[in-house]
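So the chains spell out like this:
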Amino acid sequence: LSFLLSSSLSKRRMKLISVVISFELTLYVEGFFFVAPRDHILQSLGIGSIGKTDASGQRSSMATTRVFASPQEEEDDDDEIVDMETLGDWRAFRMNLAASDEQRPQREKVVSKLNEDLLRKQNLALAEEYVSTAWAHETPQPEIGGLVCRLPVEAEIYRNKSSKLGAKLQKMIKQKASNNNIVPTTTLWYRGAQKLIKEEMINIQKSSNGKGEVNASNLSPEALDFLQIYMDNQSTWQEVCLVVKQNGDECTTLVLNRPISRKANEDLATVILFGQKTPLLWEKTQRLINFLNAFEDSCAVYVGGPDEQEEPAMILHGIAGLEGSVELSPFSNIFEGGLDAAIQGIMAGKYDPLEFRFFIGKHLYKDNMLQRMVHAGKYQPVACAKVLALKQCISLPKPLWNEVMEMCGGELKVISKLELLKRNDIQNEELDDDMEDGDENFQWEEDI
């Protein structure tokens, strides 16, 4: 890892052979390999507090850390203290590393000119950043400041190869590829999954009564499993969630693409400020007046998830140094909190209301449930530039889910374009461009 090896960290003291800059770091220390969560290792190295931004917008000075060495190395190396601030922005390093990898799928900076034009009307500074520095790529595990994108049911079935449906699809794909002497592609397995879904739905429909009602007790275990997968997928369809907190086996995310309002009235402002709590009359009156003065005519409010909707809304923005705000993760440049300072700044003409996003509710995961859902093919973790998390998702010409997936490139881009073929309610931009196999209308024979 270049920023480690180029820092004052002794190569003899820690033989860092290989580092996968994602959720896991692989370290070769004193002849042994270790694989551990990135945050745990970074914290143990003192990187966990990198770049914490204080109220003045300045990066705090870094604590030093002692790196352990063997007794022999202690004798011939006096470099015991490491200034961890020299390590820099590991996200940018990883992004550049991924971009330079010829084996990785080619990624696009801008995947929707119409979205870009809309962003220019909402936030010119963020639009310029979007055009010049927007990026996104896959990661194996969720990380703070990154995204998790809900995958379509076709991809969930394909990725969960240990499930009965997944195993059945793999058998279909293998047979199809062998019979036609072709290499399995994204389009192939996606269309195969669609055929499998259609068959399952027909079988379920056959068990319904004359009124079209289905008695679950009459369904086979396989049909029940499929129905649960399908209904769960519909309830979280194409969610794009920002990971805002990780603590051991617990994780918190906010859904970025479920807007509910562009303006704030007194009732909505009360929910944003106080949730379902009953504030003191004088506090409620004064805070409501201040909030509505700032956000009444322009207020971006979203449903962040089904959990803790009774709590006050969470505010996100990209303004470093805003009093009362905290950076989600070092160098993420995404901040939470600072509502009072935001109100004052808007009233003073310093900020625009659309620089802020309010989220009512969230997703709370325990017992490593989000990681399990990733493993089961339900979600795809994505690292991204802050602009994708901060820009508004109101009346986007191309949905945020498709935008992020296509910006990642490769298989995710093809999945996005295949999903767009299902829709006639949005304007498709260059839908056929870069379609895999050159045939988005590929179909399976009925006898497969």
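Please refer to the structure placed before this passage.
Below is a short write-up of the structure. (Residues numbered from 1 in each chain as written. Predicted model: local features only at pLDDT ≥ 70, side-chain atom pairs only at ≥ 80, totals over all residues. Heavy atoms only, no water.)

## Some words on the state of the cysteines
Point 1. In this structure the tally under the stated criterion is 0 disulfides.
Point 2. For the unlinked cysteine Cys 149, the closest cysteine sulfur is that of Cys 408, found at 6.7 Å.
Point 3. Classification of Cys 149 as buried rests on a relative accessible area of 0%.
Point 4. Here Cys 384 is not disulfide-linked; the sulfur of Cys 149 is the nearest cysteine sulfur, at 8.4 Å. (Disulfide = S-S within 2.5 Å. Buried < 20%, exposed > 50% of the residue type's maximum accessible area, 1.4 Å probe, protein only.)

## Side note on the packing of helix α8 (residues 164–180) against helix α9 (residues 186–206)
Point 1. In the contact formed by α8 and α9, the axes pass within 10 Å of each other and the chain directions differ by 125 degrees. Viewed along their axes, α8 and α9 adopt a mutual orientation that is oblique. Where α8 crosses over α9, the two elements pack in a sense that is right-handed. Residues Leu 165, Lys 168, Leu 169, Met 172, Ile 173 and Lys 176 of α8 touch α9, and the partners they reach there are Leu 188, Trp 189, Gly 192, Ala 193, Leu 196, Glu 199 and Glu 200. (Axes fitted to C-alpha atoms, helices over the stretch in contact; angles between N-to-C directions. Helix = DSSP H or I, 4+ residues; strand = E, 2+ residues; numbered from the N terminus. Parallel < 35°, antiparallel > 145°, perpendicular 65-115°, else oblique. Left-handed = near helix turned anticlockwise from the far one by under 90°. Contact = heavy atoms within 4.5 Å.)

## Things to note about the pairing of strand β6 (residues 147–150)
Point 1. Every second residue of β6 is oriented toward a common face, with Leu 147 and Cys 149 on one face and Val 148 and Arg 150 on the other, all of them buried.
Point 2. Bridge count for β6 against strand β16 (residues 379–384) is 4 bridges, and the pairing is antiparallel. Residue pairing in the sheet places Leu 147 in a bridge with Val 382 of β16. (Pairing = 2+ DSSP bridges.)

## A word on the sheet that holds strand β8 (residues 250–255)
Point 1. Taken in spatial order, the 6 strands line up as β5-β16-β6-β7-β8-β15 in an open sheet, and their pairing is antiparallel. Strands at the two margins of the open sheet, each flanked by one partner only, are β5 (136–138) and β15 (363–365). With strand direction ignored, the average angle separating the axes of adjacent strands in the sheet is 35 degrees.
Point 2. Of the pairings in the sheet, the one linking β6 to strand β7 (residues 240–247) comprises 3 bridges and is antiparallel in character. Of the residues in β7, the one forming a bridge with Cys 149 is Val 240.

Any functional reading would require information that these geometric values do not contain.
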